[in-house]
Amino acid sequence: EEQELTYKELNEKANQLAHYLRSLGVGPDTLVAIAAERSLEMIIGLLGILKAGGAYVPLDPSYPSERLQFMLEDTNAPVLITDIETVDKLPSTWAQIICLDEERGSIKNLPTMNLSLISSPQNLAYVIYTSGSTGKPKGAMVGHKGMSNLIKAQSNIFEVNDCTRALQFASCAFDASVSEIFTALTKGAALFLIDKETL
């Protein structure tokens, strides 16, 4: 949709969000929920959470409200990142809601430089919930070490490089999205995001 970010712009915007999240107390193993449609803001949100040292919990806005409510309550995430398009679809929560579109003004005034590293390979990177087909959905907790191993192996197997053009196809709440997003971004590839209708 005629939108794009360079790596420099993406890094700076993610750093600004990370500074904001750190000011809210986000750090290692802090779970931060993110509910956003496939967009530049979604990618900024994921990177901002990781750069702050937190772990992201992706919520697919198309999920039933009861399922989203269960995931928010089960994780007890203190912060929820979303956008104007999605916020009204979400159940009520005690979490502090950061609507990226609305808070862009205050976030864009924060520093753009990289933050100091405060998480370790053993800390959580993300928590993705199972489908719940055998009962209640369960959160699968993945650390930075496992995530890094996956990204390195798959980017090598798929021969991802700075000439690669990768389509972000899977829902952010499905772990295939981790491979799509991060194998592209760690190798300097171009990551393409398109809406559900086009997919």
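Undergrad: Please explain the nonpolar core as it appears in this structure.
TA: Soluble globular proteins: nonpolar side chains tend toward being buried together. By size, the foremost hydrophobic cluster in this structure holds 40 residues, and its most contacted members are L21, Y56, I81 and F182. Secondary structure elements with two or more residues in this core: α1 (7-23), β1 (31-35), α2 (40-52), β3 (79-82), β5 (124-129), α6 (144-157) and α7 (176-185). In terms of residue count, the dominant contributor to this core is α2 (8 residues). Setting aside residues no more than four positions away along its own chain, Y56 makes contact with V32, I34, L46, I49, L50, A125, Y126, V127, V178 and F182. Ranked by size, the runner-up nonpolar core spans 16 residues in total, among them L68, M71, L72 and L80.

Undergrad: Help me out: how do you make sense of unusual backbone geometry in this one?
TA: Of note, D29 is a non-glycine position whose phi angle comes to about 65 degrees, a positive value. Residue position: D29 is located in the loop between α1 and β1. With phi around 60 degrees, N76 is a residue other than glycine that occupies positive phi space. Its relative accessible area of 45% is what places N76 among the partly exposed residues.

Undergrad: When you look at α6 in this model, what are you seeing that I'm missing?
TA: Every α-helix winds through 3.6 residues per turn, so residues three or four apart in the chain are directed the same way. For α6, built from 14 residues, the straight-helix expectation of 20 Å at 1.5 Å per residue is met to within 8% by its first-to-last C-alpha distance of 20 Å. Residues of α6 that are buried include every one of H144, M147, I151 and S155, and no others. Down the axis of α6, the sector holding all buried residues measures 65 degrees, keeping them to one side. α6 presents K145, K152 and I157 as exposed residues on the side facing more than 90 degrees away from its buried surface. Of the surrounding elements, those touching the buried residues of α6 are α2, β5, β6 (139-143) and α7. Residue E159 follows α6 closely and has a positive phi angle near 55 degrees.

Criteria and thresholds
- Residues numbered from 1 in each chain as written.
- Predicted model: local features only at pLDDT ≥ 70, side-chain atom pairs only at ≥ 80, totals over all residues.
- Heavy atoms only, no water.
- Core = buried A, V, L, I, M, F, W, Y, C linked by side-chain atoms within 4.5 Å.
- Buried < 20%, exposed > 50% of the residue type's maximum accessible area, 1.4 Å probe, protein only.
- Helix = DSSP H or I, 4+ residues; strand = E, 2+ residues; numbered from the N terminus.
- Contact = heavy atoms within 4.5 Å.
- Expected span 1.5 Å × (residues − 1).
- Arc of directions from axis to C-beta.

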